[in-house]
Amino acid sequence: MLRSSTVFISLLALGMTACNGSQADSEENSQAVKDLIQKTKDNMILVKGGSFQMGDFGPVDPKANGLPYSFYDDNKVLHKVNLDDFFISSRQVSYSDYDVFTKAVGKTKINTESPSSKYRAPNVPAGVNWHQANDYCHWLAQETDKPFALPTEAQWEYAARDRGKFMPFSTNDGTLKPGVNHSTREDRKQATPANDSLSPSTIASYPPNPLGIYQMGLNGFEWVHDWYSPDYYKNSPENNPTGPKNGEEKIRRGGELAGEDRDLLTVNRRHAKPDLSLENNPVLSNEPSYPNTFRCVVKSDTIKK
């Protein structure tokens, strides 16, 4: 009888320990979510609405001598766009941010075993496909009751260009100077365990653009809301365009890491399948997720701290 009582007490103690541990984990994660939401709100930048000429503005920019900045054809139709006020995150979503989200919704951490795992570090942009980026922004919307979403292509370019100014690069002065206002190859090699210049660099490691937004298009591709159409600029509505109603690929703005300077232009339009599958082998041949990053916007006139 004594032995049975001892076993029962031991099992009860183990159960209470497990319960207390589970409760502690839950409280810890709840606090992590609160901290992330506050951090996110603190990092949102108000972008006052206005009008701008969207597209490759080289032909109308005196600094470009009448020549286009970009060699892509799908951004050559300059067109007027009017945007309402919005908030945009000053920083890309980091792996530490994304890990809080996956734990909160009961998903496994991303890129722990894939080829992208070596590009994982707490304060570099999370490498995601479009669906993963979209899910994160929608989760923020649910948690905050604010309309968080991926930026539209027009919002992204307007913010990157300091409210539509003639800024070829989204740096503090519109120029690109590695080591001064943009990451160097060595910066990127040191940012992650990959020791690779193709790696993203540490978030907010160089001065922001004049609006206070860091590394727009300079630290990996950035997903936006819109479906891709090569001729959308010919048919874009003037007020708050949101892209075609449907399509096969989503738009990524910005450029490839360690590419040529012109890959990082604010006017570049890049595109990929939302799940990053490739045309010839959609199951086995996927793009690495690490160069594909994102940030969220809030289509609202206020965010309570």
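Details of the structure are given in the entry above.
So, here's what we can say about the structure. Values in this document were obtained by computation on a predicted structure and should not be read as measured data.

Time to look at the side chain of Ser90. By the secondary structure assignment, Ser90 is in the loop between β4 (86-89) and α2 (95-104). Beyond its immediate chain neighbours, meaning those up to four positions away, Ser90 contacts Asn43, Ile45, Gly212, Ile213, Tyr214 and Arg295.

Inspection of the secondary structure assignment puts Asp162 in the loop between α4 (153-160) and α5 (185-191). Given a relative accessible area of 9%, Asp162 falls into the buried group. Ignoring any residue separated from it by four or fewer positions in sequence, one finds Asp162 in contact with Met167, Asn209, Pro210 and Leu211.

Further remarks concern the pairing of strand β6 (residues 221-227). In terms of residue burial, β6 counts as a mostly covered element, since five of its seven residues are buried. When β6 meets strand β9 (residues 292-293), the two strands line up parallel, connected through two bridges. The residue of β9 that forms the bridge with Phe221 is Asn292. Bridge analysis of β6 against strand β7 (residues 250-253) gives three bridges, and the strand direction is antiparallel. The residue of β7 that forms the bridge with Trp227 is Lys250.

The next point concerns the pattern of salt bridges. A full pass over the atoms with the stated rule returns 15 salt bridges. In this structure, Glu153 engages Arg253 in a salt bridge whose closest nitrogen and oxygen atoms are separated by 3.1 Å. Of this pair, Glu153 sits in helix α4 while Arg253 sits in strand β7; the two residues are 100 residues apart in sequence, bridging distant segments of the chain. Exposure remark for Glu153: the relative accessible area of 2% places this residue in the buried category. Residues joined by salt bridges that share partners form a network here, namely Glu153, Glu157, Arg161, Arg253 and Arg269.

Turning to the pairing of β4, a few remarks are in order. Burial along β4 is two-sided: the face carrying Phe86 and Ile88 and the face carrying Phe87 and Ser89 are both buried. Examined bridge by bridge, strand β1 (residues 44-47) and β4 share four bridges and lie antiparallel to one another. Across the sheet, the residue bridging to Leu46 is Phe87, located in β4. Alignment of β4 against strand β10 (residues 297-298), held across two bridges, turns out to be antiparallel. Counterpart to Ile88 in the pairing with β10 is Val297.

Here we come to the nonpolar core. Of all hydrophobic cores here, the largest spans 31 residues; its most connected members are Tyr98, Val128, Tyr136, Trp223 and Phe294. Within the residue set of this core, elements represented by two or more residues are α1 (2-42), α2 and α3 (130-144). Broken down by element, this core gets its largest block of residues, seven residues, from α3. In this structure Tyr136 touches Leu36, Val93, Asp97, Tyr98, Phe101, Phe294 and Cys296, once residues within four positions along its chain are discounted.

Time to look at empty space enclosed by the protein. Evaluation of the coordinates by the stated rule reveals two cavities of 30 Å³ or more. Approximately 70 Å³ is the volume found for the largest cavity. Lining the largest cavity are Ser170, Thr171, Asn181, His182, Ser183, Ser201, Tyr206, Pro207, Tyr214, Gln215, Leu218 and Asn219. Residue classes in the lining of the largest cavity are distributed as four nonpolar, eight polar and no charged. Counted as a void, the second largest cavity has a volume near 40 Å³. As for the second largest cavity, its lining consists of Met54, His79, Glu153, Ala154, Asp226, Tyr232, Tyr233, Ser236 and Pro241. Among the secondary structure elements, those contributing two or more residues to the lining of the second largest cavity are α4 and α6 (232-235). A per-class count over the lining of the second largest cavity returns five nonpolar, two polar and two charged.

The rules behind each value
Residues numbered from 1 in each chain as written. Predicted model: local features only at pLDDT ≥ 70, side-chain atom pairs only at ≥ 80, totals over all residues. Heavy atoms only, no water. Helix = DSSP H or I, 4+ residues; strand = E, 2+ residues; numbered from the N terminus. Contact = heavy atoms within 4.5 Å. Buried < 20%, exposed > 50% of the residue type's maximum accessible area, 1.4 Å probe, protein only. Pairing = 2+ DSSP bridges. Salt bridge = Lys/Arg side-chain N within 4 Å of Asp/Glu carboxyl O. Core = buried A, V, L, I, M, F, W, Y, C linked by side-chain atoms within 4.5 Å. 1 Å grid on protein atoms, 1.4 Å probe; cavity = no way out; pocket = protein on both sides within 12 Å on 5 of 7 lines; lining within 4 Å. Points joined across faces, edges and corners; volume = space filled by probe spheres on them. Nonpolar A, V, L, I, M, F, W, Y, C, P; charged D, E, K, R; others polar.

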